[in-house]
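Residues per chain are reported as follows:
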Amino acid sequence: MGSQHLDFTANVTEALADRQLRANFKSALTGLMKKRVAVLPDEAERERMRDDAEAAKRNALAKLPELLERLERKCTENGIIVHWAETTAEANEIILGIMRSHDATKLVKGKSMVSEEMHLNHFLETHGIEALETDLGEFIIQLNHEPPSHIIVPAVHKNRQQVGRIFADNLEGIPYTDVVEELNAIARRTLREKFRTGHVGLSGVNFAVAETGTLVLVENEGNGRMCTTVPPVHVAVMGLEKVVESLSDLPPLLRLLTASATGQLVTTYVNCITSPRKEGERDGPKEIHLVILDNGRSKMLADAQLRRTLQCIRCGTCLNHCPVYIRIGGHAYGSVYPGPIGKILTPQIDGLADKGVLATASSLCNACEEVCPVRIPIPGIIRRMRTEAYDEKGDGVVKGHGAKKNLLETLVWKGWELTYRIPALNRFVVSMLGKFGDRLPNVGPLKAWTSVRTAPRFAPKSLHQLVKEEGIRHE
Amino acid sequence: MSSTARDRIFARLHAARTTVSPHVPQGGNWQAPMLDKAQRIELLKTRMETVRSEVHVVSEAEWPAKLLEVLKAREPKTLTYGHDAWFGGTLRSKVKGKGMPKLVPYGENVEAFRDELFGIDVGITSTLGGIAENGTLIVWPTPQEPRLLSLVPTVHVALLKADAIYSTLAEAMREMRWAEGMPTNALLISGPSKTADIEMTLAFGVHGPKELIVLVLE
Amino acid sequence: MAHTFTYPRDVKTVYYFGTCLVDMSFPQAGMAGIHLLRRAGVEVVFPQEQSCCGQPAYNSGFLEEARAVARAQIKAFSKADWPIVVPSGSCAGMMRHHYPEMFANDPEYFDVRKFSERIFELGDFLHNALHVQYKDKGKPVKVTWHSSCHAMREMGATAAAKALIGQLSNVELVEIEREYECCGFGGTFSIKQPEISAAMVADKVEDIRSTGASAILSGDCGCLMNIGGAMERAGVPVAPRHLAEFIWERING
Ligand code: SF4
C-alpha cells in the first residue's frame with residue numbers, strides 16, 4: 001500500500017457518511033478510554049511510570065547500535081538466527097527463503113504490525129504460501145479481505161452482526177450467529193486445527209531485551225503462544241526500535257503498554273522466548289529466526305526530534321483518544337499505521353509526497369501527547385511534517401520534503417507575515433476588514449468554513465482602537 | 001545480501017551518533033508497593049479472580065483433596081501432566097477410580113504427542129512462583145513439564161507455593177536472577193485465554209485454556 | 001504537558017496581549033478582560049505594536065513567517081518585564097511553550113524563555129495571581145463550558161475558569177459530556193480538513209444542546225467562533241460567550 005495513491009479526502013467523505021462505522025468506533029473507543037483511566041487511577045503514579053517508560057525507550061535509542069549488536073550476539077549464542085532487512089521487500093524475501101528451506105506452505109501468524117507494514121500475507125500468497133492470521137480480530141478481517149483498522153483491536157470497526165455474516169459467508173458449514181460466545185467458539189475450533197497443522201509460526205516482538213537476547217511478546221488470546229510453540233519453526237519480525245537494554249526496563253513498560261492498549265492491569269500471557277528447543281525439551285520450535293527490519297527507522301534516528309517517533313510501543317491509545325481517528329476510523333488513513341502515530345510515522349516511511357496529507361488531519365489538540373505512555377511529542381512532530389512538506393529553508397530531511405511547496409501558499413503566508421509584523425499595515429488591514437470584511441466573496445477557505453458555519457464577523461472597531469478610545473495606557 | 005543490509009543499517013545507526021547527542025531522562029521513579037506474605041497471597045488471589053481465574057488457598061496436605069474436588073466438578077475425561085514433576089507421584093496415587101480422568105503423561109516429543117494433546121481436557125503444571133501486583137504465575141517450562149501443558153488443554157490447573165509469591169515483577173526478576181540466565185521460554189500467566197476483539201465483549205478460552213485454576217499451597 | 005506556574009505577587013501593572021482574533025472580531029471580549037484586570041486593582045498596558053502570536057503560520061508549516069511575527073511580539077512587550085496576560089489559552093500556550101521551541105537553536109533563546117515565562121492566561125491569572133472575588137448581580141441562568149485544548153492541556157487553565165464561574169451565585173454550570181474533546185477548530189485545520197472539522201463541531205454542538213444551557217462559555221474566541229458559527233447555522237439557540245465578557249456583565253448587573 002506504500003506506493004499506492006492515497007485519496008484521503010475521498011476516504012474521509014466515505015467514512016464520515018457511514019453512520020454504523022462511526023457508532024462502532026465511538027462506543028468501542030470511549031470504552032477503552034474509560035478502562036485506561038480505571039486501571040491507572042492515580043495520576044502521580046501514572047506519571048512516574050511514564051517517566052520510567054520514556055527513560056527506558058530513550059536510553060535504548062541513545063545506545064541503539066550497541067544494543068542491537070548485543071541483542072544479535074546474545075540471540076546467536078542462544079541459537080536464534082538473526083537476519084537484517086533494510087526494506088520490507090528484503091524482509092519478505094528472507095521469510096520466503098525460510099519457508100522454502102523447510103518446504104513449508106502453511107504459515108500461522110500471531111499479531112504483528114511489522115508484518116502488516118511488509119504486506120507479508122499478500123507477498124507469501126503470490127508465492128503459493130498460505131499465511132493465516134490467528135488473532136481473532138485479524139482473523140475476522142482477513143476473512144473479509146480487509147486491512148486492520150486499529151493497531152490493537154483490528155476489527156473494532158465491525159459489530160457482532162457483521163462478524164457473524166463474515167463467518168457465515170467465509171467458513172464452511174457455519175450458520176449465521178451474532179452471539180459473541182458462539183463466534184468465539186467458531187474461531188477456536190477453526191484455528192486450533194490450524195495451529196496443530198501449521199508448518200511455521202510467525203510473531204511480532206513487543207520488546208527485545210539486549211541483556212539476555214530475549215524476545216518478549218504480550219497477548220491475551222494464547223494464539224501468540226500457539227504460533228511460537230506448536231510449529232517446528234518460529235519466525236519473529238521486529239522493527240529495529242524494539243530493543244531495550246535490560247530486563248529491568250520491562251516492568252513499567254509492560255504495565256503501561258497493557259494499561260494503554262486495553263485498559264488491563266496485565267495481559268493473560270507475557271511470553272519470553274530466549275532460545276529454540278533445547279536437548280531434552282519436548283516441545284517448542286527447533287529453529288527460531290529473528291528478522292530485524294529497518295525500513296526508514298535508522299534515518300529517523302539521525303534527527304533529535306524525529307527519533308522520538310521510535311519510542312513508540314504500539315499501544316494504540318493515541319488512536320483511542322484522537323478526535324479525528326474516532327470519527328474517520330482506521331481505513332481512511334489508507335496506511336498500515338492510522339491515527340496520531342500514523343500521522344508521524346507514515347509520512348516518514350512512505351514520504352511526504354504520498355502521505356504528507358495525513359499530517360494535515362490534526363487539529364493539534366494534544367490529546368495524543370497527553371496519553372502517550374512513552375511521551376512522544378506527537379503534535380510537535382506533526383508540525384514538523386507540515387514544515388518539512390513546504391521546506392521553506394531547503395534543509396528538510398524527511399523523504400519528499402518540499403513536496404507541498406507552492407506559490408499560492410507561499411504568497412499567502414508571506415502576506416500574513418507582513419500584516420502581522422508591520423504594525424501600520426496591521427492597522428490598515430484590520431480596519432479594512434472592519435469596514436468590508438462582511439462582504440468578502442464566499443470562495444476558497446471562507447467557503448470551506450461556511451459549509452457548516454456562518455461567516456466570521458468583523459468588528460467595526462478593533463481592540464487596538466477601543467483601547468485608545470477608552471484611554472487605556474498604551475505604548 | 002543480508003550481511004550487506006546489516007552493514008548499511010549499522011553505518012546509518014552509527015552515523016546518527018554524530019548528528020544527535022540525545023538527552024536521556026532518569027528512570028527508576030516507579031515501584032509497586034512491597035507487601036508481607038499474607039498481603040501477597042490476598043492480592044494475588046483478588047487480582048486473579050478479577051480476570052476469572054479460580055484460586056484456592058490450601059495447606060500442603062490438603063491440595064490433593066482440593067484437586068479431586070475441582071476435577072469432580074468438571075468431570076474431565078483426560079488429564080495431562082509431567083510424569084517427573086514433583087507432584088507426579090501424588091497424582092498417580094490420588095487421581096484414580098470412578099469419575100476421575102485418565103492420566104496421560106506428556107512423555108514424548110510434541111511431534112508424536114500433538115494430536116492427542118489437542119484433545120485433552122486438563123493440564124496440570126507446577127509454577128516457579130507468583131507475582132502479587134498483577135495476579136500472575138511465573139511458569140518456566142522444563143523437559144519434565146513442557147510448554148504446551150499450560151496452553152493446549154481446555155483447563156489449566158497450576159500449583160503455586162505461597163512462599164514463592166513475590167510482591168512485584170521487578171522483585172521476582174531480581175530475586176530469581178533472571179538476568180543471569182533466561183530459560184528457553186519464560187511465561188507469565190495471569191488468567192485463562194481471553195479476547196475482546198468482537199465489540200469489546202470479553203470472552204474466555206479463545207485459543208488456550210478456558211479456565212485457570214490455581215491451588216496456592218501454604 | 002499541564003504545568004504549574006509560579007504566579008507573580010503584588011501585581012501592580014500587567015501587559016495585555018489581545019490576540020489577532022479578538023482584535024478583529026471580538027474586541028468587546030478583549031475589553032472585558034481589561035476591565036476585569038483593572039477592577040482587581042491592576043494597571044493594564046496595551047502595546048499598540050502587538051498583533052498575533054504567530055500560531056496560524058507555526059501550525060501550518062510556515063516556521064519562518066511565524067518566527068518573524070513572534071519576534072515582533074517579543075519586541076512589542078520588551079520595555080518592561082511585567083506579566084503578559086492573554087485572553088486566550090491557545091495564544092497563551094503558543095507564547096508560553098512554543099516560542100522557546102521555535103528559537104531553541106538561536107542566540108536569543110534565553111531572552112525568549114524569559115519572555116515566555118511572563119505569559120499567563122487571563123482566567124488563570126485572575127484566579128491564581130489576583131485571587132479575585134465576584135458577586136453575581138444577574139438573574140439565574142444555566143451555562144456550560146468549553147475549554148480550548150490548549151487552555152486545558154498547555155495552560156492548565158480549566159480549573160481556574162470553573163472556579164471563577166463558581167463564584168457567580170446565580171449561574172448554574174452544567175458540564176458537557178465529552179468536555180475533553182476538541183471542538184474541531186484547530187486554526188487552518190478547519191479549512192484544510194473541513195469535513196472532519198465539521199463532524200467534530202457538529203458533535204460538540206449536539207453535546208452543548210443536550211445540556212439545556214442558554215450560553216456556552218469559553219476562554220478562547222477561536223473555539224467560540226467555530227462553535228458559535230456552527231450553532232447559528234444549525235439554529236441552536238445557545239449564546240457563545242467569552243468568559244471575561246460574561247463575568248463582566250454578571251458583576252455589573
Ligand atoms: S505513539 Fe504513543 S500512544 Fe501512540 S501507539 Fe505509540 S506509544 Fe502508544
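Residues numbered from 1 in each chain as written. Chains lettered and ligands numbered in written order. Predicted model: local features only at pLDDT ≥ 70, side-chain atom pairs only at ≥ 80, totals over all residues. Heavy atoms only, no water.

Draft legend 1. Local environment of the interface of chain B and chain A. Contact residues are listed per partner, giving 76 residues for chain B and 95 residues for chain A. Each partner contributes to the roughly 7,600 Å² buried at the junction of chain B and chain A, and carbon and sulfur atoms together form 57% of this total. On the chain B side of the contact with chain A, W30, I198 and H207 of chain B bury the most area, a combined 12% of that side's loss. Linking chain B to chain A there are 10 salt bridges. Where D294 of chain A meets R12 of chain B, a salt bridge forms, and the shortest distance between an N and an O atom there is 2.9 Å. Taken together, the links from chain B to chain A amount to 49 residue pairs in polar contact (both at pLDDT 80 or more). (Contact = heavy atoms within 4.5 Å. Buried area = accessible area lost by both parts, 1.4 Å probe. Salt bridge = Lys/Arg side-chain N within 4 Å of Asp/Glu carboxyl O. Polar contact = N/O pair within 3.5 Å; in protein donor to acceptor, adjacent residues only side chain to side chain.)

Draft legend 2. Spatial organisation of the sheet that holds strand β10 (residues 287–293) of chain A. All names here are of chain A. Spatial ordering of the open sheet is given by β1-β10-β7-β4-β2-β3, a layout of six strands whose pairing is parallel. Edge strands, defined here as strands with exactly one partner in the open sheet, are β1 (80–85) and β3 (130–133). Within this sheet the neighbouring strands show an average axis-to-axis angle of 20°, counted without direction. Strands in contact with helix α5 (residues 88–101) are β1, β2 (106–109), β4 (200–203), β7 (233–239) and β10; relative to β1, the strand with the most contacts, it is inclined by about 145°. (Pairing = 2+ DSSP bridges. Helix = DSSP H or I, 4+ residues; strand = E, 2+ residues; numbered from the N terminus. Axes fitted to C-alpha atoms, helices over the stretch in contact; angles between N-to-C directions.)

Draft legend 3. Quick peek at the packing of helix α20 (residues 407–421) of chain A against helix α4 (residues 63–76) of chain C. Running from N to C, α20 of chain A and α4 of chain C cross one another at 5°; their axes reach a closest spacing of 9 Å. Put simply, α20 of chain A runs roughly parallel to α4 of chain C. Contacts between α20 of chain A and α4 of chain C involve W413, K414, W416, E417, Y420 and R421 of chain A from the first element and E65, A66, A68, V69, A72 and Q73 of chain C from the second. Across the contact of α20 of chain A with α4 of chain C, the residue classes tally to seven nonpolar, one polar and four charged. (Parallel < 35°, antiparallel > 145°, perpendicular 65-115°, else oblique. Nonpolar A, V, L, I, M, F, W, Y, C, P; charged D, E, K, R; others polar.)

Draft legend 4. Representation of the side chain of R114 of chain B in the model. Positionally, R114 of chain B belongs in helix α5 (residues 110–117). Nearest to the buried, unbridged R114 of chain B among oppositely charged side chains is D115 of chain B, at 4.5 Å. (Buried < 20%, exposed > 50% of the residue type's maximum accessible area, 1.4 Å probe, protein only. Lys, Arg positive; Asp, Glu negative; His and termini not counted.)

Draft legend 5. How the structure looks around the arrangement of the chains. Taking contact number as the criterion, the leading pair out of two pairs of chains in contact is chains A and B. Across the gap from chain B to chain C, with no contact made, the nearest C-alpha atoms are 14 Å apart.

Draft legend 6. Layout of the site of the ligand. All names here are of chain A. Around the ligand, a shell composed of 13 residues is seen, among which C312, C315, G316, C318 and C372 lie nearest. Its residues placed into classes, the shell around the ligand shows 10 nonpolar, two polar and one charged. Looking at which domains feed residues into the shell around the ligand, each of domain 1 (1–39 + 316–404) and domain 2 (43–133 + 199–314) supplies at least three. (Near = heavy atom within 4 Å. Domains from an automatic or database assignment.)

Draft legend 7. Up close: the interface of chain A and chain C. Taken residue by residue, the interface counts 68 residues in chain A and 77 residues in chain C. With both chains or domains summed, chain A and chain C bury close to 6,600 Å², and 59% of this area falls on carbon and sulfur atoms. Among the residues of chain A in contact with chain C, W413, L463 and E475 of chain A are the three that bury the most area, contributing 12% of the side total. On the surface where chain A and chain C come into contact, there are eight salt bridges. Between E409 of chain A and K192 of chain C there is a salt bridge, and its shortest N-O distance comes to 2.8 Å. At the junction of chain A with chain C, the criterion picks out 32 residue pairs in polar contact (both at pLDDT 80 or more).

Draft legend 8. Summary view of the packing of aromatic side chains. For the coordinates displayed, the defined rule picks out 24 aromatic pairs over all chains. Judged by centre distance (5.4 Å) and plane angle (90°), the ring pair of W86 of chain B and F87 of chain B falls under edge-to-face. Of the residues examined, F87 of chain B reaches a relative accessible area of 0% and is grouped as buried. Feature note: the residues Y390, W413, W416 and Y420 of chain A together with F62 of chain C constitute an aromatic cluster, connected by ring pairs. Here the guanidinium or amino end of R314 of chain A rests over the ring plane of Y337 of chain A, the centre of that ring lying 4.7 Å away. Just above the ring of F120 of chain C sits the side chain of R96 of chain C; from NZ or CZ to the centre is 5.3 Å. (Phe/Tyr/Trp six-rings, centres within 6.5 Å; stacked < 30°, edge-to-face > 60°. Lys NZ or Arg CZ within 6 Å of the ring centre and 35° of its normal.)

Draft legend 9. Structural detail: the pairing of β2 of chain A. Residues and elements named next belong to chain A. Pairing analysis gives four bridges linking β2 to β3, with the strands arranged parallel. Directly across from V108, in β3, lies its bridge partner L132. Bridge analysis of β2 against β4 gives three bridges, and the strand direction is parallel. Among the inter-strand pairings, K109 is bridged to a residue of β4, identified as L202.

Draft legend 10. Seen up close, helix α2 (residues 37–50) of chain B. All names here are of chain B. In this model α2 runs 20 Å from its N-terminal to its C-terminal C-alpha over 14 residues, within 8% of the 20 Å that 1.5 Å per residue would give. Inspection of α2 places R40, I41, L44 and M48 among the buried residues, and these make up the whole buried set. Burial along α2 is one-sided: seen end-on, the buried residues are contained in an arc of 95°. Away from its buried face, by an angle of more than 90 degrees, α2 presents the exposed residues A38 and T50. The N-capping residue of α2, defined by a side-chain oxygen 3.2 Å from the backbone nitrogen of A38, is D36. One or two positions beyond α2, positive phi appears at R52, with a value near 65°. (Expected span 1.5 Å × (residues − 1). Arc of directions from axis to C-beta.)

Draft legend 11. The sheet that holds strand β11 (residues 473–474) of chain A, seen in detail. Taking strand neighbours across the sheet as the criterion, the five strands line up as β11(A)-β2(C)-β1(C)-β3(C)-β4(C) in an open arrangement whose pairing is parallel. In this open sheet, the two strands that pair with only one neighbour each are β11 of chain A together with β4 (119–121) of chain C. One ladder, built from two bridges, connects β11 of chain A with strand β2 (residues 43–46) of chain C; its direction is parallel. Considered in β2 of chain C, the bridge of R473 of chain A is made with V45 of chain C.

Draft legend 12. Spatial organisation of α4 of chain C. With 14 residues, α4 of chain C extends 20 Å from end C-alpha to end C-alpha; this agrees with the ideal 20 Å at 1.5 Å per step. Judged by how many residues are buried, α4 of chain C sits mostly within the fold: 10 of 14 residues are covered. Buried within α4 of chain C are the following residues: E65, A66, R67, A68, V69, A70, A72, Q73, I74 and A76 of chain C. On its buried face, α4 of chain C is in contact with α20 of chain A together with α3 (55–60), α5 (89–102) and α6 (109–116) of chain C.

Draft legend 13. Structural context of the domain arrangement of chain A. Residue and element names in this part refer to chain A. By the assigned domains, chain A splits into domain 1 (1–39 + 316–404), domain 2 (43–133 + 199–314), domain 3 (135–194) and domain 4 (407–470). The centre of domain 2, based on its C-alpha atoms, is set 25 Å off from the matching centre of domain 3. The partner domain 3 presents 12 residues to the 17 residues of domain 2 that form the contact. The largest share of the area that domain 2 buries against domain 3 comes from K111, L132 and E133, three residues that together contribute 42% of it. The salt bridge involving E130 is made with K194; its shortest N-O contact spans 3.6 Å. Put simply, the parts of the chain that give the side of domain 2 that touches domain 3 at least two residues each are β2, α6 (113–118), α7 (120–126), β3, α11 (223–229) and α12 (250–262). At four residues, the largest contribution of residues to the side of domain 2 that touches domain 3 is made by β3.

Draft legend 14. Layout of the packing of α20 of chain A against helix α21 (residues 423–436) of chain A. Residues and elements named next belong to chain A. Remark: α20 packs on α21, axes separated minimally by 5 Å, with the N-to-C direction vectors making an angle of 105°. Judged by the angle between their axes, α20 and α21 are roughly perpendicular. Of the residues in α21, those touching α20 at L418, T419, Y420 and R421 are P423, L425, N426 and V429. Per-class residue counts for the contact of α20 with α21 are five nonpolar, two polar and one charged.

Draft legend 15. Region of the structure containing the nonpolar core. Counting 145 residues, the largest nonpolar core has L290 and I328 of chain A together with W178 of chain B as its most contacted members. In terms of residue count, α12 of chain A provides more of this core than any other element does, seven residues in total. Among all residues touching I328 of chain A, those that are not within four sequence positions of it are F8, V12, A15, L16, L21 and Y333 of chain A together with I196 of chain C. Judged by nonpolar contacts, the second largest core, of 83 residues, contains C52, A76, L217 and I247 of chain C. (Core = buried A, V, L, I, M, F, W, Y, C linked by side-chain atoms within 4.5 Å.)

Draft legend 16. Quick peek at the environment of D7 of chain A. All names here are of chain A. On the secondary structure map, D7 appears in the segment before α1 (8–17). When its relative accessible area of 41% is taken as the criterion, D7 is described as partly exposed. Along the backbone, D7 and E125 are 118 residues apart, and their C-alpha atoms lie at a distance of 27 Å.

Draft legend 17. Quick look at the side chain of S126 of chain B. Considering the arrangement of structural elements, one finds S126 of chain B in strand β4 (residues 122–126). Relative accessible area serves as the criterion here: at 15%, S126 of chain B is assigned to the buried category.

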